[in-house]
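# Residue-level structure breakdown
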Amino acid sequence: DVKVTQSSRYLVKRTGEKVFLECVQDMDHENMFWYRQDPGLGLRLIYFSYDVKMKEKGDIPEGYSVSREKKERFSLILESASTNQTSMYLCASLGGVAGNQPQHFGDGTRLSIL
Amino acid sequence: GNSVTQMEGPVTLSEEAFLTINCTYTATGYPSLFWYVQYPGEGLQLLLKATKADDKGSNKGFEATYRKETTSFHLEKGSVQVSDSAVYFCALPSTGRRALTFGSGTRLQVQP
């Protein structure tokens, strides 16, 4: 079974802090994703990466950056946290390029910015 | 680009009731379609999928049929249980990239 592990289930930070959310997958998947989940909005794509050191912006990249130095690890960075970034953050991975393959998700990090 | 619309919730049912959660999509061609489920406090997990028109995906008593005529992929279950209480998401591949586009999610609450 694919396992996607997010480093924290709950995180509380202060406005202006630099925040790191970590995600690790154990299936040698090429593709990794960061989504943000908010009530009534579903999941929205922040960034994704299809290879080491490669990244592409999703639909809502403003205020975020990412890092993929190793294939198994994909980090989301909030450069200067703001209260409107309080949300649930979900990491996912995907093997291959075929559109009929499912993504595998971590359990999420619920982030509160005070 | 590809998009998906699903019915708003919450949907509240009694145990053993019949469930339908509507999902319609807009897409170029015939992409794979997915239903994901999110149980309380957890991430999303794949519930079922269909890869081509007229395919029926099924898992844990849930079913969904890929209908190209109506561009729909409605989720059904004949008899829900309290343990089915969760948020359900319809999804399809995003246009031009290896991500998924999700519906807004439908919360299901099953009462004993």
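Whatever comes next refers back to the structure up there.
Let me sum up the structure you'll find in this document. (Residues numbered from 1 in each chain as written. Chains lettered and ligands numbered in written order. Predicted model: local features only at pLDDT ≥ 70, side-chain atom pairs only at ≥ 80, totals over all residues. Heavy atoms only, no water.)

On to unusual backbone geometry, then. All names here are of chain B. The omega torsion of the bond from Gly9 to Pro10 falls at 0 degrees, within 30 degrees of zero and hence cis. Relative to the elements of secondary structure, Pro10 occurs in the loop between strand S1 (3-6) and strand S2 (11-14). A positive phi angle is found at Asp54, which is not glycine, with a value near 75 degrees. Here Asp54 lies in the loop between strand S6 (44-50) and strand S7 (56-59). Of the residues examined, Asp54 reaches a relative accessible area of 52% and is grouped as exposed. (Helix = DSSP H or I, 4+ residues; strand = E, 2+ residues; numbered from the N terminus. Buried < 20%, exposed > 50% of the residue type's maximum accessible area, 1.4 Å probe, protein only.)

Let us look at the pattern of salt bridges. Here the structure, examined in full by the defined rule, presents 10 salt bridges over all chains. Linking Asp28 of chain A and Lys71 of chain A is a salt bridge whose minimum nitrogen-to-oxygen distance equals 3.3 Å. Of this pair, Asp28 of chain A sits in the loop between strand S3 (19-25) and strand S4 (31-38) while Lys71 of chain A sits in the loop between strand S7 (64-70) and strand S8 (73-78), placing them 43 residues apart in sequence. The class of Lys71 of chain A is partly exposed, set by a relative accessible area of 26%. Note that Lys52 of chain B is salt-bridged to Asp55 of chain B, the shortest N-O span being 3.4 Å. One network of salt bridges, with partners in common, ties together Arg36, Asp38 and Arg44 of chain A. (Salt bridge = Lys/Arg side-chain N within 4 Å of Asp/Glu carboxyl O.)

Another aspect to go through is the layout of surface pockets. Here the largest pocket defines a volume of roughly 600 Å³. If you trace the largest pocket, you find 30 residues lining it, with Gln37 and Pro39 of chain A together with Gln38, Val87 and Arg107 of chain B closest to the centre. Sorting the residues of the lining of the largest pocket by element identifies S4, strand S9 (87-94) and strand S11 (109-113) of chain A together with strand S10 (86-93) and strand S12 (106-111) of chain B as the ones contributing at least two each. (1 Å grid on protein atoms, 1.4 Å probe; cavity = no way out; pocket = protein on both sides within 12 Å on 5 of 7 lines; lining within 4 Å. Points joined across faces, edges and corners; volume = space filled by probe spheres on them.)

On to the state of the cysteines. Covalently bonding the sulfur atom of one cysteine to the sulfur atom of another cysteine gives a disulfide. A full pass over the atoms with the stated rule returns 2 disulfides over all chains. Put simply, Cys23 of chain A and Cys91 of chain A are joined by a disulfide, and their sulfur atoms are 1.9 Å apart. With the S-S dihedral at roughly -80 degrees, the linkage between Cys23 of chain A and Cys91 of chain A falls on the left-handed side. A residue pair is termed long-range when its members are at least 10 positions apart, and Cys23 of chain A in strand S3 and Cys91 of chain A in strand S9 qualify at 68 residues. When its relative accessible area of 0% is taken as the criterion, Cys23 of chain A is described as buried. Two residues, Cys23 of chain B and Cys90 of chain B, share a disulfide whose sulfurs are 2.0 Å apart. Measuring handedness by torsion sign, the sulfur bridge of Cys23 of chain B and Cys90 of chain B sits at about -65 degrees and is left-handed. (Disulfide = S-S within 2.5 Å.)

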